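Observations on chain architecture
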Amino acid sequence: MREIVLDKVSKTYDKQSFAVEDVEVSIRPGEFFVLVGPSGCGKSTLLRMLAGLEEISAGSLSLGGKLANHLPPNKREISMVFQNYALYPHLSVEENIMFGLKVRKISKQERKRRVQEAATMLGLSDYLKRKPRELSGGQRQRVALARTVVSQAPICLMDEPLSNLDAQLRGQMRVEIRQLQQQLGMTMIYVTHDQVEAMTMGDRIMVLRDGKVQQIGTPLEIYNQPVNKFVAEFIGSPPMNMARASIIDGRLVAGNELSIKLSQSDLAKIGNRSITLGIRPEHIHQANGQGRVRTTLLNVEILGNETLLAFNVNNTIWKAKWPGQWQLTAGSPIELSIDREQIFIFDEISEEVVSSPFNKDTVLEGVQTL
Amino acid sequence: MNTGRTTLIYALLFISALILFFPILYAVSVSFMDGKDVFNRALLPSSFSFDNYKKVFSSVPLLHYLKNSFVVSSLVTIGQLTVASLAAYVFAFIPFKGRDFLFIVVLATLMIPWEATMISNFLTVQHLGWVNSYRALTIPFFASAFGIFLLRQHFKSIPYELYEAAQIEGLTRFQIFYRVVLPYSRMSLVTLGIYSFLTTWNMYLWPLLVTTNDSVRTIQIGLKQLQTVEVATEWGVVMAGVVVAILPTLILIFISQKQLQKGLTQGALK
Ligand SMILES: Nc1ncnc2c1ncn2[C@@H]1O[C@H](COP(=O)(O)OP(=O)(O)OP(=O)(O)O)[C@@H](O)[C@H]1O
Ligand SMILES: [Mg+2]
């Protein structure tokens, strides 16, 4: 097993702007590593550089301690699953799975054995003689996975492999891919723009934006301690609520609706910069006398096990997520409370975190609430 | 659609087909007539006999011509498919500096009529000493801009992911060409193959120029020969020769039609 180390890896297509800029990370053997970010942020470009399908403009990539910038794709011991599966339409499922093995001159018996094994693992045994066009989307996806399995490459790259499937199948394949990766112990580098996939599948996540790395960490680190406003908004569903806020008489105020008393340490951190307030939907509760929000309900979505409330704070629409079913009427005035300990404060200009639940001085906080 | 309209449409189709095919049908009819029928401008032969066919085979070496045509057409087909698919593969998949410009140059040659270059081509062939050989009839046609264009367009429709997946599996460029690209484009190869076979089969002027004796003469020239030998006025015999000449092309079209239809439905991937 080999470690993948990227050192200041950059890519430019037009020699003017970077599609990927100065990416530095080392991916451990056997890790499930997720690249996530909005469309056009450079995820595919980065993955394709790892695969050797795209030239690296600057920086170095090493595989197992050896420089691999110019290694051709087939020498990198990788397998890759594409968004459209890249199955050969003129070959049967079985031939598709075996294709790479034939090229690598692996003996016929061994080929048969590996195909049988992979087909059983992925429930494809009954479809081996069919052509790809005679399969459903999910089955095609499995054929693409089977190709990875038989190749026995230690590193697997996947570029949005689930985006063509419906929601239910996606949920199922998420689990299957994760299980497969653990079973085979391979290193997985997985590209997605879906933060749910990132959160549920990854050992570690790298959030990209405009070709630049925003944050690398475990899913919970990213969720709990986002380093900036972008990551905070991108990870989590519904996304973190944000509003421009100001400090008036030691209170945090956003529009006419929201006013919260802040601790001395928070006030000190903020100083006199302009700030944005952030709070996750699950940390906005029924009024309990703390951190008050007075506003009008715009919309109520009852999802069965939880209820989403939409309302206005300083001209932005916020959402609160309450467990259970709440029969509230849209248009009625409502009073809510915010978990003061869960507030994020971002610098409005740099978008960096100024104060978050995790860098608060909890002792001081305790004194303040007394 | 109601039956009345269907009947009408089929009737119209039938009539147009009849008009379109009349010359061929009439040629077939004449090929069975004796001299008197032809002279009386009969529509159908009064008696049915294969005499004309016997005569045409005995007066000119028709089988020999047919064989030549077959050899020449097959060689040109294979040559065109080979050259065009290789060139199209490069134009579609392998980037290099000036590739697009080169492709435009290739396309531009489509605008030069073949006849315009015929004299210089003839001089070249003559200089090479290829007159009266299969080389003169085949090699000048191996590079076909139209074929390159047709195949490149089809190769472009192959998902690039397939090409990349094959790269990761470790196929060389040439392996990708014959193990992925060619099987994927089987139908357009068949189409181009039929097209080049038929155009070569029907070629007239060039074979006439580069052949001075019967050794490699093709069937189209052979038909012309019919008029110079004594049977020139016997139209029944000439028509028998014509029918023999078009029969292989008709058979080819009938066979390939099935193949083409099958291919069209098979090639569709969702
Ligand atoms: N072949 C190319 N030539 C020029 N620019 C390119 C090329 N491929 C990608 N880009 C540019 O590089 C940037 C990153 O593209 P990339 O495909 O990596 O995005 P992505 O994160 O995978 O997006 P998506 O989620 O939509 O797939 C984009 O701005 C894109 O326009
Ligand atoms: Mg992409």
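Our structure's up above, just so we're on the same page.
As for the packing of aromatic side chains
Given two aromatic rings, their pairing is described by the distance between the two centres and the angle made by the two planes. Residue and element names in this part refer to chain B. Taken as a whole and assessed by the stated rule, the structure comprises 26 aromatic pairs over all chains. Arranged with centres 5.9 Å apart and planes meeting at 85°, the rings of Phe-48 and Phe-50 form a pair that is edge-to-face. With a relative accessible area of 47%, Phe-50 lands in the partly exposed category. Where Phe-93 meets Tyr-163, the ring centres are 4.7 Å apart and the plane angle is 15°; that geometry is what we call stacked. Taken together, the residues Phe-93 in helix α4 (residues 62-93) and Tyr-163 in helix α9 (residues 160-169) connect sequence positions 70 residues apart.

Thoughts on the site of ligand 1
Residue and element names in this part refer to chain A. Taken together, Tyr-13, Ala-19, Ser-39, Gly-40, Cys-41, Gly-42, Lys-43, Ser-44, Thr-45 and Glu-160 form the complete shell of residues around ligand 1. Between ligand 1 and Lys-43, the relevant distance is 2.8 Å, taken from an oxygen atom to a side-chain nitrogen or oxygen of the residue. Within the shell around ligand 1, the residues separate by chemical class into three nonpolar, five polar and two charged.

Topic: the interface of chain B and chain A
The partner chain A presents 25 residues to the 19 residues of chain B that form the contact. Here chain B and chain A share an interface that buries about 2000 Å² over both sides, 63% of which is from carbon and sulfur atoms. On the chain B side of the contact with chain A, Glu-161, Ile-168 and Glu-169 of chain B bury the most area, a combined 33% of that side's loss. Between chain B and chain A we count two salt bridges in total. Glu-164 of chain B is paired through a salt bridge with Arg-48 of chain A; the nearest N and O atoms lie 2.6 Å apart. On inspection of chain B and its partner chain A, the count reaches four residue pairs in polar contact (both at pLDDT 80 or more). Elements that contribute at least two residues to the side of chain B that touches chain A include exactly α9 and α10 (173-184) of chain B. A total of eight residues in the side of chain B that touches chain A trace back to one element, the largest contributor, which is α9 of chain B. A per-class count over the side of chain B that touches chain A returns 10 nonpolar, four polar and five charged.

Topic: the pairing of strand β11 (residues 241-248) of chain A
Residue and element names in this part refer to chain A. Relative to strand β14 (residues 275-279), β11 runs antiparallel, the two being bridged by five bridges. Note that in β14 the partner of Asn-241 across the bridge is Ile-279. Relative to strand β12 (residues 251-254), β11 runs antiparallel, the two being bridged by three bridges. Across the sheet, residue Ile-248 finds its bridge partner in β12, namely Arg-251.

Comments concerning the nonpolar core
Core analysis: the largest hydrophobic core is formed by 61 residues, its most contacted members being Ile-4, Leu-6, Leu-46 and Leu-157 of chain A together with Tyr-89, Phe-93 and Phe-155 of chain B. In contact with Ile-4 of chain A, other than residues within four places in its own chain, are Val-25, Ser-26, Ile-27, Leu-50, Leu-61, Ser-62, Leu-63, Ile-155, Thr-187 and Ile-189 of chain A. Within the second largest apolar cluster, 44 residues are counted, among which are Val-81, Met-158, Leu-162 and Leu-180 of chain A.

Here we look at the packing of helix α4 (residues 137-151) of chain A against helix α5 (residues 167-184) of chain A
Residues and elements named next belong to chain A. Following both chains from N to C, one finds α4 and α5 inclined at 10°, their axes separated by 12 Å at the closest point. As far as their axial angle goes, α5 and α4 are roughly parallel. Along its contact with α4, which presents Gly-138, Gln-141, Arg-142, Leu-145 and Val-149, the element α5 presents Leu-169, Gln-172, Met-173, Glu-176, Ile-177, Leu-180 and Leu-184. Residues of the contact of α4 with α5, tallied by class, amount to seven nonpolar, three polar and two charged.

The rules behind these values
- Residues numbered from 1 in each chain as written.
- Chains lettered and ligands numbered in written order.
- Predicted model: local features only at pLDDT ≥ 70, side-chain atom pairs only at ≥ 80, totals over all residues.
- Heavy atoms only, no water.
- Phe/Tyr/Trp six-rings, centres within 6.5 Å; stacked < 30°, edge-to-face > 60°.
- Buried < 20%, exposed > 50% of the residue type's maximum accessible area, 1.4 Å probe, protein only.
- Helix = DSSP H or I, 4+ residues; strand = E, 2+ residues; numbered from the N terminus.
- Near = heavy atom within 4 Å.
- Polar contact = N/O pair within 3.5 Å; in protein donor to acceptor, adjacent residues only side chain to side chain.
- Nonpolar A, V, L, I, M, F, W, Y, C, P; charged D, E, K, R; others polar.
- Contact = heavy atoms within 4.5 Å.
- Buried area = accessible area lost by both parts, 1.4 Å probe.
- Salt bridge = Lys/Arg side-chain N within 4 Å of Asp/Glu carboxyl O.
- Pairing = 2+ DSSP bridges.
- Core = buried A, V, L, I, M, F, W, Y, C linked by side-chain atoms within 4.5 Å.
- Axes fitted to C-alpha atoms, helices over the stretch in contact; angles between N-to-C directions.
- Parallel < 35°, antiparallel > 145°, perpendicular 65-115°, else oblique.

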